[in-house]
Amino acid sequence: MKKHKLRNIKLRFRYEHYKPRNKKLYGLSAGRCNICEVDVFENKVHIGEMAHIIAKSNQGPRGDTNLENLNTYQNLILLCANDHTAVDKNTEYYTVDRLLSIKEEHENKVSSTFVRLPQEFKNDCEFLSYFMNFVPFTQLLSFIYLLPNVINIDFSKVSDILETSQIDIPHLYPLNDSMLQNKFYNFISQYYELWGVITGVSVIDGREQANFTSSDDNNLLNLDTKYLPYESIASLKLKLENLSISFTQSYTDLTNFLRTNYKEVDLNAYTPMKF
């Protein structure tokens, strides 16, 4: 009797595991946790768990009294055991919208990795290589390290090369990979927000005063504390600090994506021109 019961339990487990819904979830996630990206079959041990985005019970994490027992692909996300526990314990952070966004981004990342048209991928790599050859990409964070007071003038190479690329290789931008395009666009947008303040002016008593001085012998731009009043300086410093944080986040996001998905591109390809 016990043997028969155990066999039925095993059969039910196999049925649940091999449902088309589950195959789709595991397949579109490439068998990886949607948060930490660990292989859920690592070392031949299955650590994957199909977590509910909206709880199966309305009393569970992210439960909804109007939506119960949603064992559908749309309401499931593949996680490792550790992240499943974290997701259900911290429901204030891991909201329904956040989990849906995490799932969509992970599955898009998997798709863009394996479903690439050779020529489109080649074109994106060509654009990135062009950009990295002329922009000291890996040094950008060091250039803004001393903000809000000082910045290296070489930070301007980002905008210089983007403008040049529109003349030299206009056919390569926008990028074909939608996730890459979104991350690169966000990086560029944050860059221009920051650089716009650095190269901008403040209006003092009806006259315009540059926010930063011209570059010195060390190629550094300095916040103009000589001609700007205290109130303007304080306001600029706060704005620059916030913009620096946003730029750093977008830069880090793009860098991590490139290192994972575009290993063919050398992020440190820049070589200073010698005169």
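Our subject in this report is the structure included herewith. (Residues numbered from 1 in each chain as written. Predicted model: local features only at pLDDT ≥ 70, side-chain atom pairs only at ≥ 80, totals over all residues. Heavy atoms only, no water.)

**Examining the packing of aromatic side chains**
Scanning the entire structure with this criterion turns up 23 aromatic pairs. When the centroid spacing of 4.9 Å and the interplanar angle of 45° are considered together, the rings of Phe-155 and Tyr-191 count as tilted. With a gap of 36 residues between them, Phe-155 in the loop between strand S3 (150-152) and helix H7 (157-168) and Tyr-191 in helix H8 (residues 178-198) connect regions that are remote in the sequence. As far as the burial class goes, Phe-155 and Tyr-191 line up, both buried. On the basis of an interplanar angle of 80° and a centroid distance of 5.4 Å, the ring pair of Phe-155 and Phe-247 is categorised as edge-to-face. (Phe/Tyr/Trp six-rings, centres within 6.5 Å; stacked < 30°, edge-to-face > 60°. Helix = DSSP H or I, 4+ residues; strand = E, 2+ residues; numbered from the N terminus. Buried < 20%, exposed > 50% of the residue type's maximum accessible area, 1.4 Å probe, protein only.)

**Quick word on the pattern of salt bridges**
Overall, the coordinates contain four salt bridges when judged by the stated rule. With a closest N to O distance of 2.9 Å, Arg-62 and Asp-88 form a salt bridge. Of this pair, Arg-62 sits in the loop between strand S1 (48-52) and strand S2 (76-80) while Asp-88 sits in helix H3 (residues 81-89), placing them 26 residues apart in sequence. Residue Arg-62 is classed as buried on the basis of its relative accessible area of 11%. The exposure class assigned to Asp-88 is partly exposed, which follows from its relative accessible area of 28%. Linked by salt bridges that have partners in common, Glu-105, Lys-183 and Asp-253 make up one network. (Salt bridge = Lys/Arg side-chain N within 4 Å of Asp/Glu carboxyl O.)

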